[in-house]
Every structure is written in C-alpha cells, then in structure tokens.
Amino acid sequence: GTIHAFEPTHANFKHVYDASQIYPNIKCYTYALDSESGIKLFYQDGDEDKGNQGANSLLAHNILQKSSQEPTQVECITIDEWAAQTNVDHIDFMW
C-alpha cells in the first residue's frame, strides 16, 4: 500500500521527506489537513530544534500559546480536495 504523510512546516517536512526517501511507497505533502482549504495560522510548540514538534497544531492550545514561536501560516487542504487531486479513491487507515 501507499502511505501519504502530511507535514505543513518546512523544517518538519524536510525531516519526514528525507527519512522517507528510501521507501518508494511513501508520498509526502506540505499541507495541513483541515475542514476548509486555504491559508491558516499554525501554532508551533517551541523552536525547530526544541519543544514537541508533534504538538504543533492549527488550534491555539494553552501550551502552544506559551511558545516563543510566533504562529506561522500554512496551506490547508480538505481531505476530499486532496483525494480528488491525487486520484485517491479510498483510505484504509488514518492517524
């Protein structure tokens, strides 16, 4: 099967992309999945080399509001729009 990875921040995307290059079935995208497509604020937990990068979010949680990082703008896409663009007709598992 194919794995589709979404990472909207440039630094994290580079890590995901670089680590996945040895696997031909992994496709990487620089989008955030959301209920609406467009540019939105993205809250990051700490600096690129510190903090919990897995806690980054489109939602302004309290822990993220305390971050030294200013929110950044990211491109969002709906899963339906992405699936239509990439000809994906079904998803077996999503996490």
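Every value quoted in this text rests on a predicted model; they were computed, and no experiment measured them.

*Asks:* I would appreciate a short explanation of the side chain of S57 in the present structure.
*Replies:* Take S57: it is sitting in the loop between β4 (38–42) and α2 (62–65). You can call S57 buried: its relative accessible area is 12%. Among the polar contacts made by the side chain of S57, one reaches the main-chain amide nitrogen of L59 at a distance of 2.8 Å.

*Asks:* Just to check I follow, could you spell out the nonpolar core for this structure?
*Replies:* In globular proteins that are soluble, nonpolar side chains generally tend to be buried together. Within the largest apolar cluster, six residues are counted, these being Y29, Y31, I77, W82, A83 and V88. With residues up to four places along the chain from it excluded, the contact list for Y29 reads H4, A5, F6, E7, F13, W82 and T86.

*Asks:* Is there a simple way to explain the side chain of E7 in this structure?
*Replies:* Relative to the assigned elements, E7 resides in the loop between β1 (3–6) and α1 (10–20). K14 provides the closest opposite charge to the buried, salt-bridge-free E7, at an N-O distance of 14 Å. Here the side chain of E7 touches T9 through a polar contact of 3.1 Å, side chain to side chain. Not counting the four nearest positions on each side in its chain, E7 is found in contact with N12, F13, V16, Y29, T30 and Y31.

*Asks:* Would you mind showing me how to read the pairing of β1 here?
*Replies:* Each regular strand shows side chains that alternate between the opposite faces of the sheet. As paired elements, β1 and strand β2 (residues 26–29) share four bridges and run parallel to each other. Bridging from a neighbouring strand, A5 pairs with C28 of β2. Crossover handedness for the path β1 to α1 to β2: right-handed.

Thresholds, definitions, all that
Residues numbered from 1 in each chain as written. Predicted model: local features only at pLDDT ≥ 70, side-chain atom pairs only at ≥ 80, totals over all residues. Heavy atoms only, no water. Helix = DSSP H or I, 4+ residues; strand = E, 2+ residues; numbered from the N terminus. Buried < 20%, exposed > 50% of the residue type's maximum accessible area, 1.4 Å probe, protein only. Polar contact = N/O pair within 3.5 Å; in protein donor to acceptor, adjacent residues only side chain to side chain. Core = buried A, V, L, I, M, F, W, Y, C linked by side-chain atoms within 4.5 Å. Contact = heavy atoms within 4.5 Å. Lys, Arg positive; Asp, Glu negative; His and termini not counted. Salt bridge = Lys/Arg side-chain N within 4 Å of Asp/Glu carboxyl O. Pairing = 2+ DSSP bridges. Right-handed = clockwise from strand over helix to strand, strands pointing away.

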